[in-house]
Amino acid sequence: MFWKALKKSLYHPNKVKSLNKGHLLFALSLPCFYWRCKVQFLINLHCPCQMSEGAMAVVKPEMKSYIWLQTADGSIQQVEEEVAMFCPMICREVIQTGTGSSKNYAISLPQRVNPAILGLILDYCRFHQVPGRSNKERKTFDEKFIRMDTKRLCELTSAADSLQLKPLVDLTSRALARIIEGKTPEEIRETFHLPDDLTEEEKLEPLRNITDDPRIRLLNRLYARKRKELKEREKLKNVEVEEERVDDRSVDDLLSFINGGDGDTKGTRTNKNKKKNRRRKDQSKDSCLNNVNGNHNEEMHDLHSACHDGEGNNGLLASASTSSKLQDSAAVTFSPKLEFDDGDMDDDLDPAMKEELDREVEDFARRLNSVWPERMQELFQGRKLVPISLNGNSSMSRYTSLDQR
Amino acid sequence: MELDEISNLPGHVVDQILSQLSIREAVKTSVLSSKWRYKWATLPNLVFDNECYSFSSLDQTVVKSKLVNIVDHVLLLHNGPIYKFKLSHRDLQGISDIDRWILHLSRQSIQEFILEIWKGQRYKMPSCLFSCQHLIHLELFNCLLKPPSTFKGFKSLKSLDLQHVTLAQDVFENLISSCPLLERLTLMNFDGFTYLNIEAPNLQFFDIGGVFNDISFENAFQLAVVSIGLYDKRQSHAYSSNLLKFFVHLPHIRRLEIQSYFLKYLSIGFVPGKLPNPCFNLNYLSIRINFNDVDEVLTALCILRSSPNLQELEVLARPEEQAAVGTVTNIKEDNHWSCHQLRLVKIFGISGIKPELNFINLLLSTSPGLEKMTVKPASNNGGWELLKDLLRFRRASVHAEIIYMDP
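Residues numbered from 1 in each chain as written. Chains lettered and ligands numbered in written order. Predicted model: local features only at pLDDT ≥ 70, side-chain atom pairs only at ≥ 80, totals over all residues. Heavy atoms only, no water.

### Focus on the pattern of salt bridges
Phase 1: Overall, the coordinates contain 18 salt bridges over all chains when judged by the stated rule.
Phase 2: A salt bridge links D97 of chain B to R100 of chain B; its shortest N-O distance comes to 2.5 Å. Taken together, the residues D97 of chain B and R100 of chain B, both in helix α4 (residues 97-106) and three residues apart, mark about one turn of the helix.
Phase 3: For D97 of chain B, a relative accessible area of 9% puts it in the buried group.
Phase 4: Given the relative accessible area of 31%, R100 of chain B is considered partly exposed.
Phase 5: Here D214 of chain B ties to K245 of chain B by a salt bridge, and the two come within 3.1 Å at their closest N and O atoms. Placement of the pair is D214 of chain B in strand β10 (residues 214-218) and K245 of chain B in helix α6 (residues 242-247), with a sequence separation of 31 residues. Each of the two residues, D214 of chain B as well as K245 of chain B, counts as buried.
Phase 6: Among the charged side chains, a network of salt bridges with common partners joins E80, D123 and R126 of chain A. (Salt bridge = Lys/Arg side-chain N within 4 Å of Asp/Glu carboxyl O. Helix = DSSP H or I, 4+ residues; strand = E, 2+ residues; numbered from the N terminus. Buried < 20%, exposed > 50% of the residue type's maximum accessible area, 1.4 Å probe, protein only.)

### Quick look at the nonpolar core
Phase 1: One finds F113, L115, M125 and F206 of chain B to be the most contacted residues of the largest nonpolar core, which totals 166 residues.
Phase 2: Counting residues per element, this core draws most heavily on helix α10 (residues 166-180) of chain A, which supplies eight residues.
Phase 3: Those residues in contact with L115 of chain B, other than ones at most four positions away along the chain, are L87, L92, I98, Y123, M125, E139, L140, F141 and C143 of chain B. (Core = buried A, V, L, I, M, F, W, Y, C linked by side-chain atoms within 4.5 Å. Contact = heavy atoms within 4.5 Å.)

### Remarks on the packing of helix α7 (residues 115-128) of chain A against helix α9 (residues 150-162) of chain A
What describes two packed helices is the angle between their axes and the distance between those same axes.
Residues and elements named next belong to chain A.
Phase 1: At their nearest, the axes of α7 and α9 sit 10 Å apart, and the two run at 75 degrees to each other. The angle between α7 and α9 falls in the class roughly perpendicular. Contacts from A116, I117, L120 and I121 in α7 reach R152, E155, L156, A159 and A160 in α9. (Axes fitted to C-alpha atoms, helices over the stretch in contact; angles between N-to-C directions. Parallel < 35°, antiparallel > 145°, perpendicular 65-115°, else oblique.)

### Observations concerning the packing of aromatic side chains
Residues and elements named next belong to chain B.
Phase 1: Tallied over the full model, the rule gives 18 aromatic pairs over all chains.
Phase 2: Between F151 and F154, the aromatic rings sit 5.1 Å apart at their centres with planes inclined by 65 degrees, giving edge-to-face as the arrangement. Considered together, F151 and F154 belong to a single accessibility category, that of buried residues.
Phase 3: Taken together, the ring pairs connect F206, F212, F217, F246, F247, F262 and Y265 into an aromatic cluster.
Phase 4: Here R255 stacks its cationic end above the ring of Y284, 3.9 Å away from the centre of that ring. (Phe/Tyr/Trp six-rings, centres within 6.5 Å; stacked < 30°, edge-to-face > 60°. Lys NZ or Arg CZ within 6 Å of the ring centre and 35° of its normal.)

### Here's the deal with helix α9 (residues 354-366) of chain B
Residue and element names in this part refer to chain B.
Phase 1: Here α9 is 13 residues long and its end C-alpha atoms lie 18 Å apart, about the 18 Å a rise of 1.5 Å per residue gives.
Phase 2: The complete set of buried residues in α9 reads P355, E356, L357, N358, F359, I360, L362, L363, L364 and T366.
Phase 3: On its buried side, α9 packs onto α8 (294-305), β14 (312-317), β15 (344-350), β16 (372-377), α10 (383-392) and β17 (401-404). (Expected span 1.5 Å × (residues − 1).)

See the structure below:
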């Protein structure tokens, strides 16, 4: 067979006689630059005068070279060599295995590259393989190029990765990150069709750790509410998130725990849950009385419970760390163990107020979708932003919505 | 139910996506679905900056404790190697929690460590930092370095950036000379040492700005890009020739910026007409100069004469010293010298005094390849006179364009 003979001749140049002139001419017209070079070398080596002139004449008029590609669905297409070779994976196949030179020897592309996506990728390669384009041109092209729905963008990322086309992977993963950025978990799930397969309990764990976006704080509240309902319904007593337990400790807690000075840290409190809770609840109620007016909303309440939780530990620790201590605890606003006392608080409120709070929470859930600061403004529209000093010795003050009605 | 495409992307692609997000956004993905639960936890690069936490509280303690909490949690939940750790928050002080984080990181093969203390006192680096033998890039802001006696250098370090740091003289010298692979060095606003003896065989990039008495290079022949600013004009040290001493170790220099009062330092001692070994590779030069100081002008001319391949020149006049007119430098002679390659010249902050005009005249008459000279005076006083002079000067280049910019 010709092909075999040609290959053989490349590795054993002396046996080139098995090829005739026609063969070599054909080999010269092969799409692959690599082959052409090799064969040209052979020709120059063996029949310098009779062959090369004629051969050169045939090759000279710059034939467009093509590479044959086969996608996983079996369809085969030919692609301009310089475009296809822009993908490192294809380039490697051509050089290492010598495939792609004809329809019968098409390069089979990875599973993740379907014909539609291949079309897109080739568009990308076709543009970027042209030398001398300015950075601005390239940027404009890229920006336009990634305007597609997220499903397609994911497919494209996956395909580009399988073709080892790093610049395109960089581009698409950046685009995907921009899509994720600033969205709520619900929105992300919806955008990417992610299954919502975590329990409310599970969702709460990591959120606890990134406390300080007020959005997340309020989201936590929302989750806490759901969780409470869940709890009531299922009559579940202690939940099994023990392994996350340690995260709840503030630094000082941890230190005092290590030093063994204070056994009554949050970490160990788990066991004494009930007793502790009672005490905290009492404190919560007390603080209610001391408060600006009893008319606070839930968020304030949450801060309170957290604050008091801190206070609970605090008395036992060195006073120097008092204020930071409080903040630490406030940072860990929600943890399932704290069983913070929505119920108790709500009981203190009149039904109308309670209803309004419910509405507010639902309302907030809807508003979470949008950019924070504007929404915050909206949320607080018609209300005053009042910094509330929560604790005499605490320097913490936060903007909380205080209902003035 | 549509297919969940994004979750099925290969792990390294998901990592790449997550690494484009701020740490907060990345951690948030753990509530998306079970597949995303711990995806973020293997991210090798952790960046805690203003993005990761921006609560509009003015209260220091609140901010501090939140920040500490966030870093603690992330480090605790993180799983896998950490290659890059950056901590730079505008409300961050040098608190002892950082010690603990560095200890944690020092047990990993951390490669890139960036710590910027924006507030308060210098933060004393814990000794465990000096055991991070995988470090490639180290960047510290507002820190105090005091390595333990067992410190043997950072064997892999290629890039060192120290700003607002305190180091003892011996610590500094030892640090630089015991990082054999060092390629980039940035030093800004340091104290504790005043003699800069740079011994770094692989150093290519060197950017320094601060108060120091003397600078010398030793076995730093790869240096190609150098920017030096000496912030103190009191010059105490005098070698026989600071200029010769400085350039003898810079044979491969390509870009040189002489800022603040460093030209004054170079002008101390003997200033030859030309350096014994020309800077053949120098194609960009920026100098800040006091045109009233004859020595400085002569030094600048010496560098120019010794840079046959210079293409771009920037001259910034130090305005505060332009007042007293001393002896007028006569520099018009110069017969055998021309800047053949010089194409672009910028001269900023001049006031139109004689030495400045002489200098411009000289450049115009000796640069046959000049394409553009941009002149921007310090003030509008005497603008017309300056223009008239500029118009009169003969130009060696027929293509030269002079652009006069309003101050």
